[in-house]
Amino acid sequence: MKRLFAAAALAAACMVMAACGRRGTITVECESEGSDLLRITNPARYLLLPVEEACGEARVTLVTGGRDDVPMDVRLAHGEVDYFVPFELPEDAEEAVVRVEGVEPDAIFWEHVSLSDSFDTENTDIYRPLYHHTPSYGWMNDPNGLVYKDGEYHLYYQYNPYGSMWGNMHWGHSVSCDLVHWEPQPLAIGRDTMGHIFSGCAVVDRNGDAGFGRDALIAFYTSASDRQVQCMAYSTDNGRTFTKYEGNPVLTPFDGLRDFRDPKVFWYEPAQRWYMIVSADRQMRFYSSRDMKQWKYVSAFGDGYGAQPSMFECPDFVELPVAGDESNRKWVMIVNVNPGCMFGGSGTEYFVGEFDGREFVCDSDPDKVKWLDYGKDHYATVCFSNMGDRVVAVPWMSNWQYANNTPSRQHRGANALPRELSLYTMGDETYVAADVAKEVRKLRRRSSRVSDITVEAGERMLPETVIGKSGGAFEIEMDVTLDDGGRAGLELCNGAGERTSIYLDIFNRRLVMDRSVSGVVDFGGYSDDIAAATNNGFEMAPDHYQNDFALATWGPLALCEGGTYHLDIFVDRCSVEVFVDGGRIAMTNLVFPTQPYDRVRLFAEENTTAHFTGIKAYRLAL
Ligand code: FRU
């Protein structure tokens, strides 16, 4: 069936109406004011729900009569249909009943709701990345449950299948054999009567400590309603399906804390125990356990440390050798913070120190702030479990300031490229380098080399063949050396005059990415966060801030050895990621050019001479 006629008047009058289609029949029955039942006989696979993002949330429930029926919040179309989302109906049932609450009788929802056995996830969105991980449709935020098992990488994620804005948190799921080609999987963990399924982790339980068998995959997530508690689910089919533990929750805050979420569990060999780190307002709390069901409080870290503009979220805790020296290993606590980070909104900081199974002691002074990425679209970054010595992190590529408003519709949300973390020292401090994971090289297709170029107070266009026809998916790397001070770098441009510039500002010792004229930028909004950013010592030149999106971000060149800087830049349909000197500065920013960037301009400003050497470009494709 394609249309449902004149439901408005009928629904209002509590009458019964029906319409037939290729498969299935929908009858609308008014239950009470604002609540209608759709009775669907011989149901197709999906009820296609028309969505209008500007509308408030209505509620849609698959009525089974059981106690587990959960209403889903959906922005059902009132005056205009932006897109459809599929609402799955029970297979092989004679009748399905769906309750719809909060839709006005005159809404066009009633004309457009329909049944279908298929749902088109074709890539129709010009901003859909060509080689970054995205859900096939719907909304995505944080990566969850990153784990490697039996040759597969699992990427679960915060997912709303009923619209491209935040809501109805489920865990979506994708699987990859190489960290770059991702296969979408059915929903892994669904929102339930305890609440939304917020962020968390997954571990391989080698010895079956939790009682679900050896090698079971155990997921931990926050069940979020008017309280936040930690829950567990297990999978014995390599992460395809999960069963929620009947004894949930496994951990509640001892002090009734409201913000208590995003558990990360790891095996701590010296104590022969599992540990959990959970964000608890402006701290991270450690717990330990033998069976992953009973958790004992150990200690907390965070008070007064680093940037504390607001609560901590999405922790991770990993151990790494310093500069490859296995006899000198340190622990890194990853802390995601929102809002109030250096360029406004969300950001990821970290602390390096020692951990003895009881306490984490940070090596640095409390006021020292270390950022994992100097862009604006790097958040909720956490690392894979069970990858041996490698520590590979995956960020969510957006910022809560505007994540719900970016100019894409069919889907919203992508992950940045996976990054390999390592430690290096500068003076007395130990820092994390976040370099693009080596697996990403597999995406390199045609490569071009460009001979060395010196630009003196001017500009040079790279030959069109270098990245032309790449469809906006390419990598370009080069070494840049400036003779004296000044500013020099490159611009990614298109025929519409839109550009993103990436340059070294030697006088201010910064690597800058300016996206203020990068394409569509007007969805950015204005917030007070920028003041918090300035408090963190990240002043922005006024012309670099037009709105929360139209601005420039920068990273300190002091993190690099200096002289010559190696830039490795990844461009996709809606993002630019820069890795300087093996990830000592990583910078991740969304951009929305109205046509893909298809040319590169090198430039050196007045009184500046810059040498661009070792220039290589690659088209990238899956
Ligand atoms: C971070 C976060 C988490 C939470 C999730 C909800 O982006 O706020 O703290 O678990 O998103 O979707």
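Right above here is the structure, for reference.
Keep in mind that this is a model prediction, so the values were computed, not measured.

**Student:** In this structure, what is going on with the overall build of the chain? I would like to understand it.
**Tutor:** Summing up its helical and strand segments, the chain has three helices and 41 strands in all. Over its C-alpha atoms the chain spans a radius of gyration of 25 Å, differing by no more than 12% from the 25 Å that the globule rule assigns to 622 residues. With respect to the principal axes defined by its C-alpha atoms, the chain has extents near 80 × 60 × 45 Å. Long-range pairs, those at least 24 residues apart, make up 63% of the contacts in the chain between residues at least 6 apart in sequence.

**Student:** Sorry if this is basic, but what is going on with the packing of aromatic side chains here?
**Tutor:** A ring pair, where both rings are aromatic, is described by two values, the distance of the centres and the angle of the planes. In the structure shown here, the tally under the stated rule is 47 aromatic pairs. Their ring planes at 5 degrees and their centres at 3.8 Å tell us that Phe-212 and Tyr-234 sit as a pair that is stacked. Of this pair, Phe-212 sits in the loop between β14 (196–205) and β15 (216–224) while Tyr-234 is found in strand β16 (residues 228–235), placing the two residues 22 residues apart along the sequence. Taking the relative accessible area as the measure of exposure, Phe-212 reaches 17% and is therefore buried.

**Student:** So what exactly am I meant to see when it comes to the sheet that holds strand β9 (residues 114–116) here?
**Tutor:** By way of backbone hydrogen bonds, the strands of a sheet pair with one another, either parallel or antiparallel. What the three strands build is an open sheet, ordered β7-β4-β9; its pairing is antiparallel. Looking at which strands have only one partner, the edges of the open sheet turn out to be β7 (83–88) and β9. The sheet shows a mean angle of 40 degrees between the axes of neighbouring strands, taken without regard to direction. Across three bridges, the pairing between strand β4 (residues 46–51) and β9 is antiparallel. The partner of Tyr-46 across the bridge, within β9, is Ser-116.

**Student:** Honestly, the environment of Thr-381 in this entry has me stumped. Any pointers?
**Tutor:** Tracing the backbone shows Thr-381 in strand β26 (residues 379–383). With near-sequence residues (within four places) excluded, Thr-381 lies in contact with Cys-314, Ile-334, Asn-336, Thr-348, Leu-372, Ala-393, Val-394 and Pro-395. Polar side-chain contacts of Thr-381 include one of 3.4 Å to the side chain of His-378.

**Student:** Can you help me understand empty space enclosed by the protein in this one?
**Tutor:** In this approach, a probe sized like a water molecule rolls over the atoms, and the result shows the empty space that is left. Counted according to the given criterion, the structure contains five cavities of 30 Å³ or more. Lining of the largest cavity is provided by 16 residues; of these, Thr-406, Arg-412, Gly-413, Ala-414 and Leu-590 occupy positions nearest its centre. Partitioned by chemical class, the residues of the lining of the largest cavity number 10 nonpolar, five polar and one charged.

**Student:** Explain the site of the ligand here, please?
**Tutor:** If you check the shell around the ligand, you find 13 residues, and the closest are Asp-142, Gln-158, Arg-261, Asp-262 and Trp-400. The contact in question runs from an oxygen atom of the ligand to an N or O atom on the side chain of Trp-166, over 3.0 Å. Bound to the protein, the ligand loses 95% of the 320 Å² it would expose on its own. Listing elements by their share of the shell around the ligand, those giving two or more residues are β10 (138–149), β14, β18 (260–268) and β22 (312–322).

**Student:** Could you clarify how one ought to interpret the sheet that holds β18 in this entry?
**Tutor:** The strand order across the open sheet formed by four strands is β18-β19-β20-β21, and the pairing between neighbours is antiparallel. Pairing within the sheet leaves two strands with one partner each, and these edge strands are β18 and β21 (296–301). With direction set aside, neighbouring strand axes in the sheet form an average angle of 25 degrees. Pairing of strand β19 (residues 273–280) with strand β20 (residues 283–289) involves seven bridges; the strand directions are antiparallel. Within β20, the residue paired with Tyr-275 across the bridge is Ser-288.

**Student:** Looking at this model, I keep getting lost on the pattern of salt bridges. Mind explaining?
**Tutor:** Between side chains of opposite charge, a pair can form when the charged atoms approach closely. Using the criterion set out here, one finds 38 salt bridges in the structure. For Arg-409, the salt bridge is made with Glu-53, and the minimal N-O distance between the two is 3.5 Å. Here Arg-409, found in the loop between β27 (392–396) and β28 (411–412), pairs with Glu-53, found in the loop between β4 and β5 (58–63); they are 356 residues apart in sequence, far enough to count as distant. With a shortest N-O distance of 4.0 Å, Arg-487 and Glu-605 are connected by a salt bridge. Here Arg-487 is found in strand β34 (residues 487–493), whereas its partner Glu-605 is found in strand β41 (residues 599–620), with 118 residues between them in sequence.

**Student:** Teacher, can you tell me more about the side chain of His-170 here?
**Tutor:** Mapped onto the elements, His-170 comes out in strand β12 (residues 170–176). His-170 sits in the buried class, given a relative accessible area of 4%. Here Asn-168 takes part through its backbone oxygen, which lies 2.6 Å from a polar atom of the side chain of His-170. Contacts of His-170, omitting those with residues within four sequence positions, involve Met-72, Tyr-157, Gln-158, Tyr-159, Pro-161, Tyr-162, Leu-187, Ile-189, Gly-190, Arg-191 and Ile-197.

**Student:** So what exactly am I meant to see when it comes to the layout of surface pockets here?
**Tutor:** Each pocket or cavity is described by its volume, and for the largest pocket that value is around 1200 Å³. For the lining of the largest pocket, the elements supplying multiple residues, two or more each, are β5, β7, β11 (152–160), β12 and β13 (182–189). Top contributing element to the lining of the largest pocket by residue count: β13, with four residues. Classifying every residue of the lining of the largest pocket gives 22 nonpolar, 11 polar and 10 charged. There is about 760 Å³ of room inside the second largest pocket. Considering the residues around the second largest pocket, the lining is formed by 30 residues, among which Phe-266, Trp-267, Asn-386, Met-387 and Gly-388 are closest to the centre. Put simply, the parts of the chain that give the lining of the second largest pocket at least two residues each are β14, β18, β22 and β23 (325–337). Ranked by residues supplied to the lining of the second largest pocket, first place goes to β18 with five residues. For the lining of the second largest pocket, a count of residues per class yields 15 nonpolar, five polar and 10 charged.

**Student:** Teacher, can you tell me more about unusual backbone geometry here?
**Tutor:** For residues besides glycine, phi is generally negative; the peptide bonds are generally trans as well. Cis geometry is adopted by the peptide bond preceding Pro-249, which originates at Asn-248 and carries an omega value of 0 degrees. Within the secondary structure, Pro-249 sits in the loop between β17 (243–244) and β18. Pro-339 follows Asn-338 through a cis peptide bond whose omega is -10 degrees. You can see Pro-339 is positioned in the loop between β23 and β24 (347–355). Unlike most non-glycine residues, Asp-215 shows phi in positive territory, near 65 degrees. With respect to the helices, strands and loops of the structure, Asp-215 is situated in the loop between β14 and β15. Overall, the relative accessible area of 36% leaves Asp-215 in the partly exposed class.

Here is what the cut-offs are and how they apply
- Residues numbered from 1 in each chain as written.
- Predicted model: local features only at pLDDT ≥ 70, side-chain atom pairs only at ≥ 80, totals over all residues.
- Heavy atoms only, no water.
- Helix = DSSP H or I, 4+ residues; strand = E, 2+ residues; numbered from the N terminus.
- Rg over C-alpha atoms; globule rule 2.2 N^0.38 Å.
- Contact = heavy atoms within 4.5 Å.
- Phe/Tyr/Trp six-rings, centres within 6.5 Å; stacked < 30°, edge-to-face > 60°.
- Buried < 20%, exposed > 50% of the residue type's maximum accessible area, 1.4 Å probe, protein only.
- Pairing = 2+ DSSP bridges.
- Axes fitted to C-alpha atoms, helices over the stretch in contact; angles between N-to-C directions.
- Polar contact = N/O pair within 3.5 Å; in protein donor to acceptor, adjacent residues only side chain to side chain.
- 1 Å grid on protein atoms, 1.4 Å probe; cavity = no way out; pocket = protein on both sides within 12 Å on 5 of 7 lines; lining within 4 Å.
- Points joined across faces, edges and corners; volume = space filled by probe spheres on them.
- Nonpolar A, V, L, I, M, F, W, Y, C, P; charged D, E, K, R; others polar.
- Near = heavy atom within 4 Å.
- Areas by Shrake-Rupley, 256 points an atom, 1.4 Å probe, with all protein chains shown as cover.
- Salt bridge = Lys/Arg side-chain N within 4 Å of Asp/Glu carboxyl O.

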